[in-house]
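Observations on the three-dimensional arrangement
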Amino acid sequence: MPHLLHATAWVHLDWVLLVVVMWLLIGLIGIVALRRFRFVAIVLFPIGACVSLLLLGVALSAAFAEPEVAVLPLGLPQLPFHLRLDSLSAFFLMLIGGVSAGVSTFAAGYFRKGEGTPPGLICLEYHLFLASIAMVVIADDAYLFMVVWETMAFSSFFLVMANHRIPEIRQAGYLYMLVAHIGALGILMCFGLLQANTGDYTFDNMRQQHLTPFWGSIAFVLAIFGFGAKAGLLPMHAWLPEAHPAAPSPFSALMSGVMLKIALYAMLRVIFDLLQTRIWWWGVLLMAIGLATALFGVVFSTVQVEMKRLLAYSSIENIGLICAGMGLSLLFSAYGMKSFAGLAMTAAMYHMISHAFFKSLLFCSTGAVLHATGERSLGKLGGLIRNMPWVAWPTLVGALACAGLPPFSGFVAEWLLLQSFLFTTGLPSSFLDMLVPVMAALIALIAALSGYTMVKYFGIIFLGQHRDEKLAKAHDAGPWERLGMAWLVTGCLLLGLFPNQMIALMDPVTRKLVGAGLAQSVADNGWLLIPVSVERASYAPAIFMLVILLSIGLVFLLVRKLYHGRLRRVPPWDCGYPWITPRMQDTAEGFGQPIRQIFEPFFRMQRHLPTAFDEHPSYKVTVEDPLWYWLYLPLASLVERVSRVIGLLQQGRIAVYLMYSFVTLIVVLLVVSR
Amino acid sequence: MSWLGVFSQLLALLTALFLAPLLSGWVNQCRARLQNKSAPGLLQPYRMLHKLFQKDSVMAEHASALYRTAPYLIFGCMLLASAIVPTLSTDLPLSPAADGIALVGLFALARVFISLAAMDVGTAFGSMGARREMLVGFLAEPALMMVLFCASMITRSTSLTGIVETLALRELAIYPSFLLAGVAFTMVSLAENARVPVDNPDTHLELTMIHESLILEYSARHLALLEWAASLKLFVYSCFGLAIFFPWGVAQANAPLALIVALPVLVFKLAVGGFLMAVIETMSAKMRIFRVPEFLGTAFLMAVIGLLVNVLLGVG
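Model, not experiment: these values are computed from the prediction.

Definitions and cut-offs
Residues numbered from 1 in each chain as written. Chains lettered and ligands numbered in written order. Predicted model: local features only at pLDDT ≥ 70, side-chain atom pairs only at ≥ 80, totals over all residues. Heavy atoms only, no water. Contact = heavy atoms within 4.5 Å. Buried area = accessible area lost by both parts, 1.4 Å probe. Salt bridge = Lys/Arg side-chain N within 4 Å of Asp/Glu carboxyl O. Polar contact = N/O pair within 3.5 Å; in protein donor to acceptor, adjacent residues only side chain to side chain. Helix = DSSP H or I, 4+ residues; strand = E, 2+ residues; numbered from the N terminus. Nonpolar A, V, L, I, M, F, W, Y, C, P; charged D, E, K, R; others polar. Buried < 20%, exposed > 50% of the residue type's maximum accessible area, 1.4 Å probe, protein only. Expected span 1.5 Å × (residues − 1). Axes fitted to C-alpha atoms, helices over the stretch in contact; angles between N-to-C directions. Parallel < 35°, antiparallel > 145°, perpendicular 65-115°, else oblique. Left-handed = near helix turned anticlockwise from the far one by under 90°. Lys, Arg positive; Asp, Glu negative; His and termini not counted. Phe/Tyr/Trp six-rings, centres within 6.5 Å; stacked < 30°, edge-to-face > 60°. Lys NZ or Arg CZ within 6 Å of the ring centre and 35° of its normal. pLDDT = per-residue confidence, 0-100. Disulfide = S-S within 2.5 Å. Core = buried A, V, L, I, M, F, W, Y, C linked by side-chain atoms within 4.5 Å.

**Things to note about the interface of chain B and chain A**
Contact residues are listed per partner, giving 77 residues for chain B and 76 residues for chain A. Of the roughly 6900 Å² buried where chain B meets chain A, counting both sides, 72% is carbon and sulfur surface. Counting across the chain B and chain A interface gives three salt bridges. Here chain B is connected to chain A by 27 residue pairs in polar contact (both at pLDDT 80 or more). Counting residues per element, the ones that place at least two in the side of chain B that touches chain A are helix 2 (44-54), strand 1 (57-60), helix 3 (65-84), helix 4 (100-121), helix 5 (124-155), helix 9 (220-245) and helix 11 (292-313) of chain B. Looking at the side of chain B that touches chain A, the element that brings in the most residues is helix 5 of chain B, giving 17 residues. Its residues assigned to classes, the side of chain B that touches chain A shows 50 nonpolar, 16 polar and eleven charged.

Next comes the structure, spelled out in structure tokens:
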């Protein structure tokens, strides 16, 4: 394309490429300054955050622009890199820029000396990762897509392995790599189908092809499988609760907040953009997988006893909910009900961006707690709100958003999703009419359970008494960490309080994907969020928040005015029992106990109960994912058995191998000569 | 937004604020009478609030700011809730700010804060209460949501004023789904308002209490606000149920006369509802905490079946 590199005026795409190049440069400088810890932390990461802000700005202005295309003369001969920046890419670039600005700032204060991989190398991997995810969303041919997709997988693999001296972390990294590559196989086959024997792997060509319903369905299932493995959909979720806790916290934040969304981006790109056919049962399948994933994720997150693992399962839940929204949108879209499809898609996208912010925030807070206390197990924390207010209060915002409570960001998405599920009477098939309300019921249950999880998460870490003496000495987050978390909190609050302004940004995307959006409605009603009509439903979080704050203020003043504000501080009462110790508080296991009991069939539990005669009575319960035993381990042993059989071929003697060649040659000759 | 709208909004708020303790008093009195006890006066809750507001607050020495803010926040949540539920009139300027789903969310927000506040001091009772409250909540919340969905499928609206307007003006029809939803709603409101089969508002017996153990450490004005918020919650819950199942008598927009009639009608409906609640409480025994999930699970399933009945019969 003529405008690139020797252009008269820069277009958005050039700016995005500039951002990518700058991130790569920062990474390279990092490798030069391999062990200069302070330089990497205080200079390189903040510059990276500034570059993220630049990307956010570019993406904001590109959201309403016409699609831009370019061809980079890189890559293999005859296979140049095709780039395309449309509204869908712009939305995800916005997400990447917005979240990574906060996380990079946080990371500037996070990394400490002497932790596994040298800081310069982490800097390279980190920025290479950011550059590759930015490239994924602007890639416009399967070749470039796979190259940057794999770059993303590898750079993130190395980041997960940052503390590679710990065996569990190596195991987690291995599992991550394995699932990523099984997924990549699915993606490759999917692209193979999409190009429909034309041999042209550009996305433009794929958009021209009309696959038959049969091949289209296979491509759809492959896309769900391949990208679902990256996103953590059931049953390909197993890597997520292993890899997230293994990675350094800022990187867990990026993985959960951004990388999972990139997998969803790819799903959207293939299903709604590249595939030209839409069949109703695709939507049902996606919804069913999504809801199963969400329920599974939330039930498991309530019983976790390690903070990052809890958040990882909660990410699985959120990804499931987003997929349910996408599936519903696909279902509506297959029946040509555009405006409802637009609503469901808006809900899914809103959930994506809000999850990106609050989950990165929560992961950053676990990082701060981890640094301050050295503990990642919930059962050993407690009472940190008193030493670490700068971590506790932002975390509270994140936790409330994650619990889907009004007026925070998670609720807007949940509200839109429930609204779109309520609109279903009117689908042509009565079976679906029955199915969808049941799914709405499930969503309500999932949302309520996530509230349970978040009370557990926040309450056990930050409230109560210190469960360990060393916690009293825990220090608060440093200035960089505070700044990064403040940025993410701002994002959460803005998303929660001003949904109309945010939905206006999503409108071009939903319009492009399903042909309708909410722009008209949000433009007409400044403060009220009205999906269809005001008689039907409306929600105004800003007014909501304002009324609550006003009444708090008023009540406070009135109480002071009419009565008094006297207060005495004494030891806790606790029904008159004076000998309370921190051990009398509920433990993390205890808090999850009711859920363990109710959802018992979900878990694979091993309990060790003390008997009356034990000298050192101990109680231990481990909760495991039954899918390991039903799916992963049988698969692994099958692979092992097959490879043992194939291994019989390898005798280690040259004569045998020569004989194989000889036999092969003869067989080939026989085949050819016939 | 008309002046009458602003007036009816303020009237609704004040009615809720000052009628709510009366409702609690009424339920207590009915229950005491039914159980052959001598009953406290109807105004007892007001006297208690006044007494508590006068006292000096006593607070655990390591309680955080969250603990101090929570009562105000919960009270604020309940105030907003009472502002958006149509009690006297459907002409509420604040009502578009939050629909039924947001109301359920508002209850959840209050619940999360009371649980967090209970965990803050770090006593055994507090965290146990928090866990139990969240256990009740995570089952009751979706059930309540399903009750709302039953109504909103019939009225094609999740806005509470919209539901009342549609149902009140529509020809009298018996919806089978409402039967199921009504039973579910009764069960949920018993659980959510700490009533007998699930919780006992009278007892401080350690092993059975839920609501009381949450507010165990609070005293004076903070306790007063929490108690007031609890009676507001009962009031709002009752009005929510009345709005869905007995929407008649609530004034429409631009009807000042109907507004005058609405107050006695509301008082009558609440009195009957409160009496029925007392009857249920008297007739049932407190159940074990481990049975609560079954109880609420039944409520949830009933409401879902109600929703499906709606779809089956093609209502709406």
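The structure having been displayed, the exposition proceeds.
**Quick word on the side chain of B:Glu281**
All names here are of chain B. Within the secondary structure, Glu281 is located in helix 10 (residues 256-283). In this structure Glu281 comes out as buried when scored by relative accessible area, which is 2%. Glu281 has contacts with Val27, Arg31, Arg195, Val196 and Pro201, leaving out every residue within four places of it along the chain.

**Focus: the environment of A:Ser333**
Residue and element names in this part refer to chain A. Positionally, Ser333 belongs in helix 12 (residues 307-334). Its relative accessible area of 15% is what places Ser333 among the buried residues. In this structure, the C-alpha to C-alpha distance between Ser333 and Gly515, residues 182 residues apart in sequence, is 8.7 Å. Those residues in contact with Ser333, other than ones at most four positions away along the chain, are Arg278, Ala341 and Val514.

**Quick notes on the pattern of salt bridges**
Scanning all chains against the criterion turns up 23 salt bridges over all chains. The salt bridge involving B:Lys233 is made with B:Glu192; its shortest N-O contact spans 3.7 Å. In this pair, B:Lys233 is assigned in helix 9 and B:Glu192 in helix 7 (residues 176-192), connecting sequence segments 41 residues apart. The same class applies to B:Lys233 and to B:Glu192, which are both buried. Three or more residues are tied together by salt bridges with common partners; here these are A:Arg84, A:Asp86, A:Asp140, A:Asp204, A:Arg207, A:Arg269, A:Asp273 and A:Lys512.

**Regarding helix 20 (residues 541-562) of chain A**
Taking 1.5 Å of rise per residue, the 22 residues of helix 20 of chain A would be expected to cover 32 Å, and the 31 Å separating its terminal C-alpha atoms lies within 8% of that figure. Turning to helix 20 of chain A, its buried residues are A:Pro541, A:Ala542, A:Phe544, A:Val547, A:Ile548, A:Ser551, A:Ile552, A:Val555 and A:Val559. Tucked inside the fold, the buried residues of helix 20 of chain A contact helix 17 (479-497) and helix 18 (499-514) of chain A together with helix 2, helix 3, helix 4 and helix 9 of chain B.

**What about the packing of helix 11 (residues 280-303) of chain A against helix 16 (residues 430-462) of chain A?**
All names here are of chain A. It is at 9 Å that the axes of helix 11 and helix 16 come closest, and there the two elements cross at 25 degrees. With respect to helix 16, the axis of helix 11 lies roughly parallel. By crossing handedness, the relation of helix 11 to helix 16 is classed as left-handed. Here Trp280, Val284, Met287, Ala288, Leu291, Ala294, Leu295, Val298, Val299, Ser301, Thr302 and Val303 of helix 11 come into contact with helix 16, specifically with Leu432, Leu435, Met439, Leu442, Ile443, Leu445, Ile446, Leu449, Ser450, Tyr452, Thr453 and Lys456. Of the residues assigned to the contact of helix 11 with helix 16, the class counts are 19 nonpolar, four polar and one charged.

**Brief notes about the side chain of A:Lys261**
Residue and element names in this part refer to chain A. Tracing the chain through its elements places Lys261 in helix 10 (residues 249-274). One buried charge, Lys261, has no salt-bridge partner; the nearest side chain with opposite charge is Glu317, at 12 Å. Here His355 takes part through its side chain, which lies 2.7 Å from a polar atom of the side chain of Lys261. With residues up to four places along the chain from it excluded, the contact list for Lys261 reads Phe92, Leu95, Ser256, Ile322, Met352, His355 and Ala356.

**Quick word on the packing of aromatic side chains**
For any two aromatic rings, the description comes down to two numbers: the centre-to-centre distance and the angle of the planes. What the rule picks out here adds up to 43 aromatic pairs over all chains. With a centroid separation of 5.9 Å and an interplanar angle of 55 degrees, the aromatic rings of B:Phe185 and B:Phe245 are classed as tilted. Of this pair, B:Phe185 sits in helix 7 while B:Phe245 sits in helix 9; the two residues are 60 residues apart in sequence, bridging distant segments of the chain. For the residue pair B:Phe185 and B:Phe245, the accessibility class agrees, reading buried in each case. Cluster of aromatic residues (ring-pair linked, three or more members): B:Phe107, B:Tyr175, B:Phe178, B:Phe185, B:Tyr237, B:Phe240 and B:Phe245. Just above the ring of A:Trp149 sits the side chain of A:Lys230; from NZ or CZ to the centre is 5.8 Å. The ring of A:Tyr629 carries the charged tip of A:Arg604 above its face, separated from the ring centre by 3.7 Å.

**Considering the confidence of the model for chain A**
Reading fine detail from the predicted coordinates is not recommended where pLDDT is low. When pLDDT is averaged across chain A, the result is 87; 98% of the residues are at 70 or more. Element-level pLDDT for chain A is lowest in helix 19 (residues 519-524) of chain A, with a mean of 76, against a maximum mean of 93 in helix 14 (residues 389-402) of chain A.

**Describing the state of the cysteines**
For the structure shown, the criterion picks out zero disulfides over all chains. Of all cysteine sulfurs in the structure, the one in A:Cys402 sits closest to A:Cys492, which takes part in no disulfide; the separation is 9.6 Å. Since its relative accessible area comes to 0%, A:Cys492 is described here as buried. Of all cysteine sulfurs, the one in B:Cys239 lies closest to B:Cys30, which takes part in no disulfide; the gap is 16 Å. Judged by its relative accessible area of 7%, B:Cys30 falls in the buried class.

**A short note on helix 7 of chain B**
Residues and elements named next belong to chain B. In this model helix 7 runs 24 Å from its N-terminal to its C-terminal C-alpha over 17 residues, within 8% of the 24 Å that 1.5 Å per residue would give. Within helix 7, twelve of the 17 residues are buried, leaving the element largely enclosed by the surrounding structure. Listing the buried residues of helix 7 in full gives Ser177, Phe178, Ala181, Gly182, Ala184, Phe185, Met187, Val188, Ser189, Leu190, Ala191 and Glu192. Where the residues of helix 7 are buried, they touch helix 4, helix 5, helix 6 (160-169), helix 9, helix 10 and helix 11. Positioned one or two residues after helix 7, Ala194 has a phi angle of 55 degrees, which is positive.

**Examining the packing of helix 13 (residues 338-373) of chain A against helix 14 of chain A**
Residues and elements named next belong to chain A. As a packed pair, helix 13 and helix 14 sit with axes 9 Å apart at the nearest point and diverge in direction by 145 degrees. Our pair here, helix 13 against helix 14, has a crossing hand that is left-handed. Within the contact between the two elements, helix 13 uses Phe358, Lys359, Leu361, Leu362, Ser365, Ala368 and Val369 and helix 14 uses Val391, Pro394, Thr395, Gly398, Ala399, Ala401 and Cys402. Residues belonging to the contact of helix 13 with helix 14 are distributed by class as follows: ten nonpolar, three polar and one charged.

**Some words on the nonpolar core**
Residue and element names in this part refer to chain A. With 359 residues, the main nonpolar core has Phe145, Trp149 and Phe191 as its most contacted residues. Looking at this core element by element, the count peaks at 22 residues for helix 13. Those residues in contact with Trp149, other than ones at most four positions away along the chain, are Val136, Ile187, Phe227, Lys230, Ile262, Ala263 and Ala266.

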